[in-house]
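Coordinate inspection notes
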Amino acid sequence: MRILALESSCDESAAAVLDDQRGLLAHALFSQVDLHRAYGGVVPELASRDHVQRLLPLVHSALAEADTTPSDLGGIAYTAGPGLIGALLTGSALARSLATAWGLPTIGVHHLEGHLLAPLLEPDPPPFPHLALLVSGGHTMLIEARAIGDYRLLGETRDDAAGEAFDKSAKLLGLPYPGGPHLARLAERGRAGVHEFPRPMLDRPGLEFSFSGLKTAVLHAVRALPADAGEADRADIARALEEAVVDTLVAKAMRALEETGLDALVVSGGVGANLRLRERLHAAARRRGARVYHPRLEFCTDNAAMIAVAGLARLAAGEHDGPGIRARARWPLDTLRPPAAVRDHAP
Ligand code: KG4
Ligand code: ZN
């Protein structure tokens, strides 16, 4: 089976073609960062309008790159939620329209299931069951993934997501939007130990996170800088912020491995692109005899290839949407079921 997949839940428009025999045949992406930069964050209405313009050309280029015509396709997957409702509706409406014209079934995919399954595209995919650390701009979760579609939430953030801690701190440091990668680059030049930021909730049992206090710590550190402070001083703050977030994520992930007895750890979502986090997780897991798996760097952040993986698993099992246009701004991950446990989804 070969499918087309669309992603449009936030500020990336993307299309991909995945074949169950030949693997990923094409993926095309347009990032709207330039559009939103002036506002310092994603403007939902601008995002929706831009998806409307970008998605169809991306579909054409992905199909061309994959040397695929609509008659080669067995279905269309698209991100049905969670995300910005207007942005989701553009992908959902396009998927339904193309599917009606081409006589194909569609499947609405959970965006986080996409992130969780992205490492299945790699040559050495993770085994099930495994522990997943999902760290993005909107989520920070530890999940026991028993099988595709069988997810148990072990812990999540009580306030800001890890990506938000990076993005908000980056803003306070005067870095351009989106801040996470800029802050990580600045942190490379920072000295360790100049600032000590709190490791939120580390001293308490459990697998919950809390990152909202860190931006206050960054704010105080920025305000305390002398008037002639330069790039190197800001780099020290960036380093301390990154260390605090990474330390917390690593410690809770190791605690979750300990509590579940699992020995495979998947790291996914945009913050999973952070190199210090990757290195530290590998080192800590190795000491426990556990292995870490992650998607290639470009599939850590939003993309349609990961939506294709989740969509193909479900379409191939005979699962598909009803005739309506599906989009959910909120959609709890643990309401998902394994492929084909529900065959026909209501609109
Ligand atoms: O998964 P994603 O593309 O979108 C969501 O679904 O949220 O994640 C985006 C988040 C942003 O907060 C971004 O700043 C962060 O991932 N991010 C990073 C890095 N690359 C992206 N954070 C820290 N270090 C990075 N290298
Ligand atoms: Zn995402």
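A brief look at the structure comes next. Values in this document were obtained by computation on a predicted structure and should not be read as measured data.

Reading the values: rules and limits
Residues numbered from 1 in each chain as written. Chains lettered and ligands numbered in written order. Predicted model: local features only at pLDDT ≥ 70, side-chain atom pairs only at ≥ 80, totals over all residues. Heavy atoms only, no water. Salt bridge = Lys/Arg side-chain N within 4 Å of Asp/Glu carboxyl O. Helix = DSSP H or I, 4+ residues; strand = E, 2+ residues; numbered from the N terminus. Buried < 20%, exposed > 50% of the residue type's maximum accessible area, 1.4 Å probe, protein only. Donors = N, O, S within 2.8 Å, 3.2 Å for Na, K, Ca; no water. Tetrahedral: all angles 85-135°; square planar, octahedral: opposite > 155°, others 65-115°. Core = buried A, V, L, I, M, F, W, Y, C linked by side-chain atoms within 4.5 Å. Domains from an automatic or database assignment. Contact = heavy atoms within 4.5 Å. Patch = residues over 30% accessible without salt bridge, like charges linked within 9 Å, V, L, I, M, F, W, Y side chains within 5 Å. Areas by Shrake-Rupley, 256 points an atom, 1.4 Å probe, with all protein chains shown as cover.

Another aspect to go through is the pattern of salt bridges. A complete count under the given rule lists 27 salt bridges for this structure. Note that D50 is salt-bridged to R54, the shortest N-O span being 3.3 Å. You can see D50 and its partner R54 sitting in helix 2 (residues 44-65), four residues apart, about one turn around the helix. Judged by its relative accessible area of 9%, D50 is buried. E243 serves as the salt-bridge partner of R280, at 3.8 Å between the closest nitrogen and oxygen. In this pair, R280 sits in helix 9 (residues 275-288) while E243 sits in helix 8 (residues 231-260), placing the two residues 37 residues apart along the sequence. In this structure R280 comes out as partly exposed when scored by relative accessible area, which is 28%. Through salt bridges with shared partners, a single network forms among E196, R199, R239, E242, E243, D247, R276 and R280.

Before going further, it helps to spend a moment on the coordination of the zinc ion (ligand 2). Within the protein, the zinc ion (ligand 2) binds to H111 (NE2), H115 (NE2) and D302 (OD); these donor distances fall in the range 2.0 to 2.2 Å. The coordination sphere of the zinc ion (ligand 2) comprises four donor atoms, whose angles at the metal cover 91 to 139°; the geometry is irregular. Mapping the donors of the zinc ion (ligand 2) onto the primary sequence gives the spacing H-x3-H-x186-D. Of this pair, H111 and H115 both sit in helix 4 (residues 111-117), four residues apart, roughly one helical turn. Under the relative-accessibility criterion, H111 is labelled buried at 7%.

Here we come to the nonpolar core. Buried together is how nonpolar side chains tend to be arranged in soluble globular proteins. L4, V59, I143 and Y151 are the most contacted members of the largest nonpolar core, which has 57 residues in total. Counting the residues that make up this core, at least three belong to each of domain 1 (2-117 + 299-344) and domain 2 (128-294). Contact partners of I143, with chain neighbours within four places excluded, come to L116, H130, L131, A132, L134, Y151, R152, L153, L154 and L333. If you look at the next biggest cluster of nonpolar residues, it comprises 46 residues, including A162, I237, A253 and L281.

Here we come to the environment of A238. Mapped onto the elements, A238 comes out in helix 8. Residue class for A238 comes out buried when judged on its relative accessible area of 0%. For the pair A238 and V218, spaced 20 residues apart in the sequence, the C-alpha separation amounts to 8.4 Å. Filtering out sequence-adjacent residues up to four positions away, A238 remains in contact with L173, L183, L186 and A187.

Among the surface-exposed residues, I85, L89 and I325 lie close enough to one another that they form a single nonpolar patch of about 250 Å² accessible area. Along the polypeptide, I85 turns up in helix 3 (residues 85-102).

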